[in-house]
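# Structural characterization, general
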Amino acid sequence: MRTFGGSVALVTGAGRGIGRATAKQLAAAGLRVVLTARSVDELTGAVAEIRDAGGQAAAIECDLANRRQTLGLIAAAAEPFGPIDILVNNAGVGSSGDPKPLADFNDSFWDLTIEVNLTAPYLLSKQALPHMRSRRWGRIITIASINSRIPALHAGAYVASKHGVLGFMRTLAMEHAAEGITVNCVCPGPVKTRMNDLRVQYDAQRLGRDIATHEQGMTPVGGRLAPEDIAPMVEYLASDDARMITGQAYDIDGGICMA
Ligand code: NAP
């Protein structure tokens, strides 16, 4: 069993997909987990699953595209179990919401993507830091993407937001390395979630392939990842075992990025 210098984790976008798997993983490791997203039904289901398995969890509804709600989230999340020791920035807007070449890009979709994928992790990290600094222990883990390293067609805002969040988190890591606070990113390849299902449909249609053939060729290992392939890395980075790891970004991508 891993040990943790703190006991309370906040996971954004925890109602489904990678965030839900991560919240379950952290709760199973003994942490008290606050889950947040917009979809209350999904959050309720995730919290029930955690409690049924003997874990402790609470849910908070929050729209990270709404600056006022984002700015209130850390204080609200500290109410059920106390100050936030581990922040997992997972919520994200995918490219498939409105895929277009940059020359034709929708400016509102650009703004939404940057707000949720880049500005919200910045604001949440800034608010969570005082909790962590006062205890000289903290973990900030951001679910970035292989698109933090490589581009993707018709996904300009997504790629920009994911490259940006990597740079932001490395800077944050430098600034707090001597305070017991580590800051790292996990960079998934294609994971079978609602967000990626839409992208797969878009790409398969664009390339004139059937979905099954397209999906099988998406990684060198074959097929797509599952959310449960990502969550163990988050647990590791959150644990005391990873105390000397900061400013890093780990690709979990079935072998797409080997540099
Ligand atoms: P998902 O299943 O669609 O989940 C996305 C989560 O983000 C949902 O819980 C959603 O909840 C939340 N979210 C979206 N917009 C939000 C908003 N405005 N305010 C609050 N929460 C919001 O997608 P996923 O694949 O698990 O994505 C999780 C993270 O992994 C994202 O950062 C994504 O970029 C990253 N990632 C995914 C893949 C992949 O292939 N799936 C690859 C690389 C990186 P509500 O809709 O209820 O708000």
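We now turn to the structure provided with this report.

Cut-offs applied
Residues numbered from 1 in each chain as written. Predicted model: local features only at pLDDT ≥ 70, side-chain atom pairs only at ≥ 80, totals over all residues. Heavy atoms only, no water. Helix = DSSP H or I, 4+ residues; strand = E, 2+ residues; numbered from the N terminus. Expected span 1.5 Å × (residues − 1). Bend = angle between axes of the 7 residues up to and from the residue. Buried < 20%, exposed > 50% of the residue type's maximum accessible area, 1.4 Å probe, protein only. Pairing = 2+ DSSP bridges. Right-handed = clockwise from strand over helix to strand, strands pointing away. Axes fitted to C-alpha atoms, helices over the stretch in contact; angles between N-to-C directions. Contact = heavy atoms within 4.5 Å.

## What about helix α4 (residues 107-135)?
- End to end, α4 covers 41 Å across 29 residues, agreeing with the expected 42 Å (1.5 Å per residue, within 8%).
- The largest bend along α4 reaches roughly 40 degrees and is located at threonine 119, with the proline proline 121 sitting one to four residues downstream.

## Regarding the pairing of strand β2 (residues 32-37)
- Across the 6 residues that make up β2, a large majority, 5, are buried.
- With 5 bridges joining them, strand β1 (residues 8-12) and β2 adopt parallel strand pairing. Across the sheet, the residue bridging to leucine 10 is valine 34, located in β2.
- This β-α-β element, β1 to helix α1 (residues 17-28) to β2, shows right-handed connectivity.

## Some remarks on the sheet that holds strand β7 (residues 249-252)
- Taking strand neighbours across the sheet as the criterion, the 7 strands line up as β3-β2-β1-β4-β5-β6-β7 in an open arrangement whose pairing is parallel. Of all strands in the sheet, those with a lone pairing partner are β3 (56-61) and β7, marking the two edges. Here the strands of the sheet are splayed against their neighbours by 15 degrees on average, with no regard to which way each runs.
- Helix α2 (residues 40-52) rests against β2 and β3 of the sheet, and its axis sits at about 175 degrees to β3.

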